[in-house]
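So the chains spell out like this:
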Amino acid sequence: MDFTAIIGNIAAILTTVSFLPQAIKTIKTQNTASLSFPMYLLFVTGVTLWLVYGLLNHQTPIILGNAITLLLAGIILAFMVKGKFTKKMFK
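Everything quoted here is computed from the prediction, not taken from an experiment.

Colleague: Where do I start with the overall build of the chain in this structure?
Modeller: Of regular secondary structure, the chain possesses four helices and zero strands. In sequence order, the chain lays out its α and β elements as α-α-α-α. Principal-axis analysis of the C-alpha atoms places the extent of the chain at approximately 55 × 25 × 15 Å. Within the chain, the fraction of its 91 residues that count as buried is 25%. Counting only contacts in the chain whose residues sit at least 6 apart along the sequence, the fraction spanning at least 24 positions is 68%. Roughly 6500 Å² of accessible area belongs to the chain as shown, and the carbon and sulfur atoms make up 74% of that amount.

Colleague: Would you take a moment to explain the nonpolar core for this structure?
Modeller: Burial of nonpolar side chains together is a common tendency in soluble globular proteins. One finds Phe 19, Ala 23, Leu 35, Tyr 40, Val 44, Leu 72, Ala 73, Ile 76, Leu 77 and Met 80 forming the largest nonpolar core, which totals ten residues. Only helix 3 (37–57) and helix 4 (60–89) provide two or more residues apiece to this core. Element by element, the count of residues in this core is highest for helix 4, at five residues. Not counting the four nearest positions on each side in its chain, Val 44 is found in contact with Leu 70, Ala 73, Gly 74 and Leu 77.

Colleague: Is there a simple way to think about the packing of aromatic side chains in this case?
Modeller: Any pair of aromatic rings gets described here by the distance separating the centres and the angle formed by the planes. Taken as a whole and judged by the stated rule, the model has three aromatic pairs. Measuring from centroid to centroid gives 4.7 Å for Phe 19 and Phe 43, while their planes differ by 20°, and the two rings are stacked. A residue pair is termed long-range when its members are at least 10 positions apart, and Phe 19 in the loop between helix 1 (3–17) and helix 2 (20–29) and Phe 43 in helix 3 qualify at 24 residues. A connected cluster of aromatic rings, assembled from ring pairs, spans Phe 19, Tyr 40 and Phe 43.

Colleague: Help me out: how do you make sense of the side chain of Thr 16 in this one?
Modeller: With respect to the helices and strands, Thr 16 occurs in helix 1. Of note is the side chain of Thr 16, whose polar atom sits 2.7 Å from the backbone oxygen of Ala 12. Discounting residues that sit within four places of it in the chain, Thr 16 has contacts with Gly 65, Ile 68, Thr 69 and Leu 72.

Colleague: What is the right way to read the confidence of the model for the chain from this model?
Modeller: Caution applies to low-pLDDT parts of the model: their predicted coordinates are not meant to be read in detail. On average, residues of the chain carry a pLDDT of 89, and 95% of them reach 70 or more. Taking the mean pLDDT of every element in the chain, the minimum, 87, falls on helix 4 and the maximum, 96, on helix 3.

Colleague: When you look at the side chain of Thr 69 in this model, what are you seeing that I'm missing?
Modeller: Position of Thr 69 among the secondary structure elements: in helix 4. On the basis of relative accessible area, Thr 69 is assigned to the buried category, the value being 4%. At a separation of 3.1 Å, a polar atom in the side chain of Thr 69 contacts the side chain of Thr 16. When near neighbours in sequence (up to four residues on either side) are disregarded, Thr 69 contacts Thr 15, Thr 16, Phe 19, Phe 43, Val 47 and Gly 74.

Rules used throughout
- Residues numbered from 1 in each chain as written.
- Predicted model: local features only at pLDDT ≥ 70, side-chain atom pairs only at ≥ 80, totals over all residues.
- Heavy atoms only, no water.
- Helix = DSSP H or I, 4+ residues; strand = E, 2+ residues; numbered from the N terminus.
- Buried < 20%, exposed > 50% of the residue type's maximum accessible area, 1.4 Å probe, protein only.
- Contact = heavy atoms within 4.5 Å.
- Areas by Shrake-Rupley, 256 points an atom, 1.4 Å probe, with all protein chains shown as cover.
- Core = buried A, V, L, I, M, F, W, Y, C linked by side-chain atoms within 4.5 Å.
- Phe/Tyr/Trp six-rings, centres within 6.5 Å; stacked < 30°, edge-to-face > 60°.
- Polar contact = N/O pair within 3.5 Å; in protein donor to acceptor, adjacent residues only side chain to side chain.
- pLDDT = per-residue confidence, 0-100.

In structure tokens form, the structure reads like this:
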């Protein structure tokens, strides 16, 4: 593995793992009131595009890192959407 691949793999691991604490907390508490919906919407869109980019260019670190990050950030975004929908239904 060359130096560039090592850097790519480390970057993918760190950015992916950074969402794990927030995803765990959101799953446990189901509280997303203090999180920014526009930020998560933009972030999930960006991660999706990075995943597509990685797939089109056959770049494994980009594919794996963004697929896992998309899963974790997507869970958080889903709880946010659920919370907004539930609030509107019961107002």
